[in-house]
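Okay, here's what each chain looks like letter by letter:
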Amino acid sequence: EDKVVQSPLSLVVHEGDTVTLNCSYEVTNFRSLLWYKQEKKAPTFLFMLTSSGIEKKSGRLSSILDKKELFSILNITATQTGDSAIYLCAVEGGYGGSQGNLIFGKGTKLSVKP
Amino acid sequence: NAGVMQNPRHLVRRRGQEARLRCSPMKGHSHVYWYRQLPEEGLKFMVYLQKENIIDESGMPKERFSAEFPKEGPSILRIQQVVRGDSAAYFCASSATGGFGGTQYFGPGTRLLVL
């Protein structure tokens, strides 16, 4: 069965800390891995990763994929209270006939304290 | 640039009633996906639709659930004879291109509560 596992499930840090969120996967026909940030409303898209070893950056956030070891990490440097959210990892893939649906992990709940 | 729109945002139904959830994709997007998020669980894929076609419904429960995406108007997820276990957040996403590689953008979700 395809699965995506995120760790830790929750994390509490103080402003200014750097955090690393983990996502490992076992998904047939892997195509891409995506990170989303979910606050109270819609999950908002952060990154899509398709190639191993190429870091994607957006401000204080960065992410990298390792297709050999089947995992990805999301780094957030100099955290702020506005980074508090659930971070979702999703993998695009699956058995034949499953075109484009995303397989999500349970998320990492990040709380950043002032 | 309106994003993905879902309504209602909150829906309360009694057991046995019907629930209709609507999703309007982003402008220019013709691919729609529905996901369900149960408490303490990750989002689970339900169905993928293109205009007037169901492409993949491998995640849909076999009974009581149906989805459509007509030529005109929003996509609709319909749940007949709701039960308490249907209480969840239902998210819709849309993409400009279908299949693999099309980035999915999510709506704010509909939170269904079945009493």
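Check the entry above for the structure.
Now for a look at the structure at hand.

What counts, and where the lines are drawn
- Residues numbered from 1 in each chain as written.
- Chains lettered and ligands numbered in written order.
- Predicted model: local features only at pLDDT ≥ 70, side-chain atom pairs only at ≥ 80, totals over all residues.
- Heavy atoms only, no water.
- Contact = heavy atoms within 4.5 Å.
- Buried area = accessible area lost by both parts, 1.4 Å probe.
- Salt bridge = Lys/Arg side-chain N within 4 Å of Asp/Glu carboxyl O.
- Polar contact = N/O pair within 3.5 Å; in protein donor to acceptor, adjacent residues only side chain to side chain.
- Helix = DSSP H or I, 4+ residues; strand = E, 2+ residues; numbered from the N terminus.
- Buried < 20%, exposed > 50% of the residue type's maximum accessible area, 1.4 Å probe, protein only.
- Pairing = 2+ DSSP bridges.
- Disulfide = S-S within 2.5 Å.
- Axes fitted to C-alpha atoms, helices over the stretch in contact; angles between N-to-C directions.

Accessible area lost when the parts come together is the quantity often used to give the size of an interface. Contacts between the two partners involve 21 residues from chain A and, on the opposite side, 25 residues from chain B. Counting the surface lost from both chain A and chain B, the interface buries some 1900 Å², and carbon and sulfur atoms represent 58% of this. Counting across the chain A and chain B interface gives one salt bridge. Among the salt bridges present, the one from Glu41 of chain B reaches Lys106 of chain A, with a minimum N-O distance of 3.9 Å. Remark: the boundary between chain A and chain B carries three residue pairs in polar contact (both at pLDDT 80 or more). Within the residue set of the side of chain A that touches chain B, elements represented by two or more residues are strand 4 (32-38), strand 5 (43-49), strand 9 (85-92) and strand 10 (102-104) of chain A.

Looking along a regular strand, one sees side chains alternate from face to face of the sheet. Residues and elements named next belong to chain A. Most of strand 4 sits out of view: seven of its seven residues are buried. Here strand 4 shows no split at all, with Ser32, Leu34, Tyr36 and Gln38 on one side and Leu33, Trp35 and Lys37 on the other all buried. By the bridge criterion, seven bridges tie strand 4 to strand 9 in an arrangement that is antiparallel. Across the sheet, residue Ser32 finds its bridge partner in strand 9, namely Glu92. Summarising the sheet, strand 4 and strand 5 pair through six bridges and their orientation is antiparallel. Note that in strand 5 the partner of Leu34 across the bridge is Met48. Between the end of strand 4 and the start of strand 5, which pair antiparallel, lie four residues.

Quick look at the state of the cysteines now. What makes a disulfide is a covalent bond joining the sulfur atoms belonging to two cysteines. All names here are of chain A. Summed over all chains, the structure comprises two disulfides over all chains. Covalent S-S linkage joins Cys23 and Cys89, the inter-sulfur distance amounting to 1.9 Å. Across the S-S bond linking Cys23 and Cys89, the dihedral sits near -70 degrees, which makes this disulfide left-handed. Here Cys89 lies in strand 9 and Cys23 lies in strand 3 (residues 19-26), a separation of 66 residues in the sequence.

Here we take up the sheet that holds strand 6 (residues 56-58) of chain A. Residues and elements named next belong to chain A. Strand order in the open sheet formed by five strands is 1-3-8-7-6, with antiparallel pairing between adjacent strands. At either end of the open sheet lies a strand with only one pairing partner, and these are strand 1 (3-7) and strand 6. Averaged over neighbouring strand pairs, the angle between their axes works out to 15 degrees when direction is ignored. Note: strand 7 (residues 61-66) against strand 8 (residues 71-76), six bridges, orientation antiparallel. From the neighbouring strand, Leu65 faces strand 8, where its bridge partner is Ser72.

Attention now goes to the sheet that holds strand 7 (residues 65-68) of chain B. Residue and element names in this part refer to chain B. As summarised here, the arrangement of the four strands in space is 1-3-8-7, forming an open sheet in which the pairing is antiparallel. Every other strand in the sheet has two partners, leaving strand 1 (5-7) and strand 7 as the edge strands with one partner each. Strand-to-strand twist of the sheet, defined as the mean angle between neighbouring strand axes without regard to direction, takes the value 15 degrees. As paired elements, strand 7 and strand 8 (residues 75-79) share four bridges and run antiparallel to each other. Bridge pairing in strand 8 places Ala67 opposite Leu77.

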